[in-house]
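# What the coordinates show
Residue strings, one per chain:
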Amino acid sequence: MSGYGLDLGQAWPTLLADKEHITLTNLACGGMGFVVSGDCGTPYAGLVPALAALQPDVVIVQSSSNDFGEDPDDIRSETITTVQEMHDAAPDARIIGLSTIWNDDADLPDDVASTSDDLRIAIGMVDGVFLDVGQPLSGHADWMQADDVHPTPRGQQAIEHAVLTSLQGAGILP
């Protein structure tokens, strides 16, 4: 969600906000997940105080491949706890969870489904909306940076389109 390796304006959340004329505060930082601390030194739970200060109308959180390889029980527990903390910090916000997006490889690791399921369960527990955005990068090696982990600007555009389509399909955006 942070657009790792790109200008912030090229990240899919910014593209979506610009297209839909939505005010956005993107708290994401590279490398973070529900268990794994990112470049800002914290997992998602560390962003809860900022969320409480912002009191947004909508919170979008995505399960992350950054958590792949971590203990599955820890991922599930931290996902459930963190989403509940997000809900408690911004009780009037609509919380939307997005499924894990993998790279261009059509052969998905099992972790894609398990991290997505963990978030689906957590979002359901706070009466949020979970959206499976599919795998918009699948089959498009040219949409990936040289590390084959992070999308290029074109890959970010594909993710933005998939998320927008999902938000529209769920009646969240027109």
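Conventions used here
- Residues numbered from 1 in each chain as written.
- Predicted model: local features only at pLDDT ≥ 70, side-chain atom pairs only at ≥ 80, totals over all residues.
- Heavy atoms only, no water.
- Helix = DSSP H or I, 4+ residues; strand = E, 2+ residues; numbered from the N terminus.
- Rg over C-alpha atoms; globule rule 2.2 N^0.38 Å.
- Salt bridge = Lys/Arg side-chain N within 4 Å of Asp/Glu carboxyl O.
- Buried < 20%, exposed > 50% of the residue type's maximum accessible area, 1.4 Å probe, protein only.
- Disulfide = S-S within 2.5 Å.
- Pairing = 2+ DSSP bridges.
- Axes fitted to C-alpha atoms, helices over the stretch in contact; angles between N-to-C directions.

Let's shift gears to the overall build of the protein. Within the protein, the secondary structure is distributed over five helices and three strands. Reading the secondary structure of the protein in the N-to-C direction produces α-α-β-α-β-α-β-α. In terms of overall size, the protein behaves like a compact globule, its C-alpha atoms giving a radius of gyration of 15 Å where 174 residues would be expected to give roughly 16 Å. Along the first, second and third principal axes, the C-alpha atoms of the protein reach 40 × 40 × 30 Å.

A full pass over the atoms with the stated rule returns three salt bridges. Salt-bridge contacts for Lys 19 lead to Glu 160; the nearest nitrogen and oxygen are separated by 3.3 Å. You can see Lys 19 sitting in helix H1 (residues 12-20) and its partner Glu 160 sitting in helix H5 (residues 153-169), a full 141 residues away along the chain. Taking the relative accessible area as the measure of exposure, Lys 19 reaches 43% and is therefore partly exposed. Residue Glu 160 is classed as buried on the basis of its relative accessible area of 5%. The closest approach of N and O atoms between Arg 120 and Asp 117, which form a salt bridge, is 3.8 Å. Note that Arg 120 and Asp 117 are positioned in helix H4 (residues 110-125) at a spacing of three residues, about one turn of the helix. With relative accessibility at 40%, the residue Arg 120 sits in the partly exposed group.

With that settled, the discussion passes to the state of the cysteines. Counting across every chain of the model gives one disulfide. Linked covalently through their sulfurs, Cys 29 and Cys 40 form a disulfide whose S-S length is 2.1 Å. On the S-S bond that ties Cys 29 to Cys 40, the torsion sits near -55°, and the link is left-handed. Taken together, the residues Cys 29 in the loop between H1 and helix H2 (48-54) and Cys 40 in the loop between H1 and H2 connect sequence positions 11 residues apart. When its relative accessible area of 15% is taken as the criterion, Cys 29 is described as buried. Cys 40 sits in the partly exposed class, given a relative accessible area of 39%.

On to the sheet that holds strand E2 (residues 94-98), then. Each strand in a sheet pairs with its neighbour through backbone hydrogen bonds, running either in the same direction (parallel) or in the opposite one (antiparallel). The sheet built from three strands is open, its strands ordered E1-E2-E3 with parallel pairing. Since the sheet does not close on itself, it has two edges, and those belong to strand E1 (58-62) and strand E3 (129-131), each with one partner. Across the sheet, the mean angle separating the axes of adjacent strands is 20° when strand polarity is ignored. Sheet topology places E1 next to E2; five bridges connect them, and they run parallel. Its bridge partner being in E2, Ile 60 is matched across the sheet by Ile 96.

What follows covers unusual backbone geometry. The backbone of Gln 55 sits at a positive phi, close to 50°, despite the residue not being glycine. Note on placement: Gln 55 falls in the loop between H2 and E1. Taking relative accessible area as the criterion, Gln 55 reaches 38% and is therefore assigned partly exposed. At Asp 148, a residue that is not glycine, the phi angle is positive and equals roughly 60°. Along the chain, Asp 148 falls in the loop between E3 and H5. Take Asp 148: its relative accessible area is 32%, and that puts it in the partly exposed class.

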